[in-house]
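These are the residues of each chain, in order.
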Amino acid sequence: MSAPPATVLRTGLSALLEAVAAEAPHLDVRAPSAATAPFAWDAGTAPRHGEGVEVDGPAVAFPTTALEVQQLVRLAARYGVSVVPRGAGSGLSGGATATRDQLVVSTDRLDRIVEVSPADEIAVVEPGVLNAALNEHLAPLGLFYAPDPASWRISTIGGNIATNAGGLRCAKYGVTRESVLALDVVLADGSLVSIGHRSIKGVTGLDLVSLFVGSEGVLGIVVAATVRIRPLPVARRTVTAFFASTAAGAAAIGAITASRVRPSVIEFLDEPTLDGIDAANDSGLRTRGAALLLIELDGFGIEEQTAELTTALEAVGARVAVESEADAETLWELRRSGRRLGDGSWFVGGDVAVPKSRIADVFAGFPALEARYGVAVSAVAHAGDGNLHPVITLPIPAGADPATVPAVLHDAADDLVRAALSVGGTVSGEHGIGTVKRDLAAEELIERVRIAQLAIKHALDPAGLFNPGKAL
Ligand SMILES: Cc1cc2nc3c(=O)[nH]c(=O)nc-3n(C[C@H](O)[C@H](O)[C@H](O)COP(=O)(O)OP(=O)(O)OC[C@H]3O[C@@H](n4cnc5c(N)ncnc54)[C@H](O)[C@@H]3O)c2cc1C
């Protein structure tokens, strides 16, 4: 790429687009148009009822190499155009949203699995590789990549890294951060740096990999990742535990913690959630109980694990069953996508995390919240790591605008976050801060810590090129 001119006469996106045409026509950069409108939103902020879809979106670039990412970042810096890194856009916090004066750098075509090394137990991948695609590649080798957000079929490894995505199996294997060893990152000055190490251990210098994991695209663009892979478990088994009430089920989570069994997945579904899944799928779960702990065991000694888990759960009133493979598949699919929302109701979703011992307290607070705001509140929880996904709903009266979600739903959601904070929790367990939770994050982080975070951002990205208005 030729050197930037000594004097920049023009700034902004149109100047950048002209420079691409003149200096780097090999770069695939689309100008703002109605066709780029989907890049203005992520899954959490996209219009649910069609409003605003005629509006032009941002400019969007589709680099195919790290070098092209570097070229794009240098051009954006030269013309003062802010850059929004984007994976699949499945985020739920507005982290990848973009305006028509910004440049989205999509990782769509950075989708190569560069290396799999069973001997080192690592894979090296580009950021646009889908989580599911990596696991499909690894399965014939008897290996898997553990972090499994419920969006695993549609979300990218780069997006998972930038949000430090959690998932179902994180109960046993940890969140994305525990599976990332090294990153290649394009910084705001266009330089490409490698951070971390290929070895499982490594403590040289500050842990910049941990800093970048979960940084929501505000520090740089991840262009390659070295991730940990593991042998597929010798066995997997799905166990259900149904309870007579939400309170009884939530209280039983502690019985699993107190046992010696460490399931790979522990999902908790409360009574309204089971009702909602049944209504949408005719699945009949409520005939089996009012709340469900849906559990996966894996590894050696599966019979011993099942026996100890059953004893622990039956002692606290559960009806426990080992599910057939076919039933297990149905149950996991219902858990991942059975909760269809939005038909006839306004809804606001949430993502809070609390210490495991306080999960039951959060569920116990739902009736008071419902009474205070006149809304309905339910939740599923990644119970193994204290992460709840509450949903707050209100029926849409005849004639009301489905696109105008009443403020009361957001007020109730904010109150729920504050309830989580009051028991030692955090405003987001895995979806991130993005644009939608910045105010709440400010309630959690003390001023001195926020200043430190902004100083780190400034040190790496002094002009505020990457993803302004997000996360911090
Ligand atoms: C149905 C559904 C279920 C979900 N379930 C879960 C779940 O169980 N657990 C969970 O954690 N999340 C879940 N999510 C949220 C979402 O899928 C995750 O946040 C996911 O990690 C986002 O990946 P993405 O590729 O879609 O990233 P995007 O949405 O495109 O981007 C997310 C953030 O990462 C940044 N980013 C993306 N790629 C890069 C890169 N290469 N370099 C730097 N920054 C980058 C973006 O700027 C943005 O801030 C779910 C979403 C949906 C729609």
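Residues numbered from 1 in each chain as written. Predicted model: local features only at pLDDT ≥ 70, side-chain atom pairs only at ≥ 80, totals over all residues. Heavy atoms only, no water.

1. A look at the overall build of the protein chain
And then number 1: Each helix and strand in the protein chain was counted, giving 15 helices and 19 strands.
And then number 2: Expected size for 472 residues packed as a compact globule is a radius of gyration near 23 Å; at 23 Å, the protein chain falls within 12% of this value.
And then number 3: Along the three orthogonal principal directions, the C-alpha set of the protein chain runs to about 75 × 60 × 45 Å.
And then number 4: The 472 residues of the protein chain split such that 49% are buried.
And then number 5: Counting only contacts in the protein chain whose residues sit at least 6 apart along the sequence, the fraction spanning at least 24 positions is 73%.
And then number 6: Of the charged side chains in the protein chain, 38 are positive and 54 negative, and the gap between their average positions amounts to 3 Å. (Helix = DSSP H or I, 4+ residues; strand = E, 2+ residues; numbered from the N terminus. Rg over C-alpha atoms; globule rule 2.2 N^0.38 Å. Buried < 20%, exposed > 50% of the residue type's maximum accessible area, 1.4 Å probe, protein only. Contact = heavy atoms within 4.5 Å. Lys, Arg positive; Asp, Glu negative; His and termini not counted. Charge placed at Lys NZ, Arg CZ, Asp CG, Glu CD.)

2. Focus on the nonpolar core
And then number 1: Phe268, Leu293, Ile295, Leu313 and Phe363 are the most contacted members of the largest nonpolar core, which has 46 residues in total.
And then number 2: Residues lining this core come from more than one domain, with at least three contributed by each of domain 3 (236–337) and domain 4 (345–422).
And then number 3: Ignoring any residue separated from it by four or fewer positions in sequence, one finds Phe268 in contact with Thr246, Gly249, Ala250, Ile253, Ala291, Leu292, Leu293, Phe363, Ala379, Val380, Ala381 and Ala383.
And then number 4: Counting 27 residues, the second largest nonpolar core, distinct from the first, contains Ala19, Leu103, Leu110 and Val186. (Core = buried A, V, L, I, M, F, W, Y, C linked by side-chain atoms within 4.5 Å. Domains from an automatic or database assignment.)

3. Some remarks on the site of the ligand
And then number 1: The local shell around the ligand holds 34 residues, among which Pro85, Ser90, Gly91, Ser151 and Thr156 are the closest.
And then number 2: At a separation of 2.9 Å, an oxygen atom of the ligand approaches a polar backbone atom of Ala150.
And then number 3: Between the ligand and Gly166 there is a distance of 3.0 Å, counted from an oxygen atom to a backbone nitrogen or oxygen.
And then number 4: For the ligand, the accessible surface in isolation is 970 Å², of which the surrounding protein chains cover 91%.
And then number 5: When residues of the shell around the ligand are traced back to their parent elements, those giving at least two are β3 (83–86), α4 (157–163) and β10 (221–228).
And then number 6: Of all the elements, α4 adds the most residues to the shell around the ligand, at 5 residues.
And then number 7: The class makeup of the residues in the shell around the ligand is 12 nonpolar, 19 polar and 3 charged.
And then number 8: There are two domains that each give the shell around the ligand at least three residues, and those are domain 1 (13–106) and domain 2 (113–231). (Near = heavy atom within 4 Å. Polar contact = N/O pair within 3.5 Å; in protein donor to acceptor, adjacent residues only side chain to side chain. Areas by Shrake-Rupley, 256 points an atom, 1.4 Å probe, with all protein chains shown as cover. Nonpolar A, V, L, I, M, F, W, Y, C, P; charged D, E, K, R; others polar.)

4. Observations regarding the domain arrangement of the protein chain
And then number 1: As far as domains go, the protein chain holds domain 1 (13–106), domain 2 (113–231), domain 3 (236–337) and domain 4 (345–422).
And then number 2: Facing the 13 residues of domain 3 at the interface are 14 residues of domain 4.
And then number 3: Buried area between domain 3 and domain 4, both sides added, is near 1,000 Å², and the carbon and sulfur share of it is 62%.
And then number 4: Its largest share of buried area at the contact with domain 4, domain 3 owes to Ile253, Phe268 and Arg335, together 37% of the area lost on that side.
And then number 5: The interface formed by domain 3 and domain 4 holds 6 residue pairs in polar contact (both at pLDDT 80 or more) in total.
And then number 6: At the level of secondary structure, the elements contributing two or more residues to the side of domain 3 that touches domain 4 comprise α7 (246–258), β13 (265–269) and α8 (271–281). (Buried area = accessible area lost by both parts, 1.4 Å probe.)

5. Quick notes on the sheet that holds strand β2 (residues 59–61)
And then number 1: Here we have 4 strands laid out as an open sheet, ordered β1-β2-β4-β3, and mixed in their pairing. A strand with exactly one partner marks an edge of an open sheet, and here the two such strands are β1 (29–30) and β3.
And then number 2: The pairing of β2 with strand β4 (residues 103–106) spans 3 bridges and is parallel. Looking across to β4, one finds that Ala61 is bridged to Val105. (Pairing = 2+ DSSP bridges.)

6. Examining the sheet that holds strand β6 (residues 122–125)
And then number 1: Judged by pairing direction, the sheet is antiparallel, and its 5 strands sit side by side in the order β5-β6-β10-β8-β9 without closing on themselves. Unpaired on one side and paired on the other, β5 (113–117) and β9 (192–196) mark the two borders of the sheet. If you compare each strand with its neighbour and ignore which way they point, the axes differ by 15° on average.
And then number 2: Sheet analysis places strand β8 (residues 180–186) next to β10, joined by 6 bridges and oriented antiparallel. Opposite Leu183, over in β10, you have Ala225 as the bridge partner. (Axes fitted to C-alpha atoms, helices over the stretch in contact; angles between N-to-C directions.)

7. Thoughts on the packing of helix α1 (residues 13–23) against helix α2 (residues 66–79)
And then number 1: Viewed as axis vectors pointing N to C, α1 and α2 meet at an angle of 135°, and their least axial separation amounts to 9 Å. By the criterion of interaxial angle, the relationship of α1 to α2 is oblique. Here α1 and α2 pass one another in a crossing that is right-handed. Between α1, through Ala15, Leu16, Ala19, Val20 and Glu23, and α2, the contact on the second element is made entirely by Leu75, Ala76, Arg78 and Tyr79.
And then number 2: For the contact of α1 with α2, a count of residues per class yields 7 nonpolar, no polar and 2 charged. (Parallel < 35°, antiparallel > 145°, perpendicular 65-115°, else oblique. Left-handed = near helix turned anticlockwise from the far one by under 90°.)

8. Examining α8
And then number 1: Thr273, Leu274, Ile277 and Asp278 are the residues of α8 that are buried. Within α8, the buried residues cover an arc of 135° as seen down the axis, which keeps them to one side.
And then number 2: Backbone geometry just downstream of α8 places Asp282 in the positive-phi region, at approximately 55°. (Arc of directions from axis to C-beta.)

9. Some remarks on the pattern of salt bridges
And then number 1: Across all of its chains, the model carries 25 salt bridges by this definition.
And then number 2: In this structure, Lys172 engages Asp298 in a salt bridge whose closest nitrogen and oxygen atoms are separated by 2.5 Å. Placement of the pair is Lys172 in helix α5 (residues 170–173) and Asp298 in strand β14 (residues 291–298), with a sequence separation of 126 residues.
And then number 3: For Asp298, a relative accessible area of 1% translates into the label buried.
And then number 4: Sharing partners across several salt bridges, the network here consists of Asp148, Arg169, Arg236, Glu296 and Arg336. (Salt bridge = Lys/Arg side-chain N within 4 Å of Asp/Glu carboxyl O.)

10. Observations concerning unusual backbone geometry
And then number 1: With a phi close to 50°, Asn164 is a non-glycine residue in the positive phi region.
And then number 2: Within the secondary structure, Asn164 is located in the loop between α4 and α5.
And then number 3: Its identity is not glycine, yet Asp282 carries a phi of approximately 55°, on the positive side.
And then number 4: Tracing the backbone shows Asp282 in the loop between α8 and β14.
And then number 5: Asp282 gets classed as exposed once you look at its relative accessible area, which sits at 72%.

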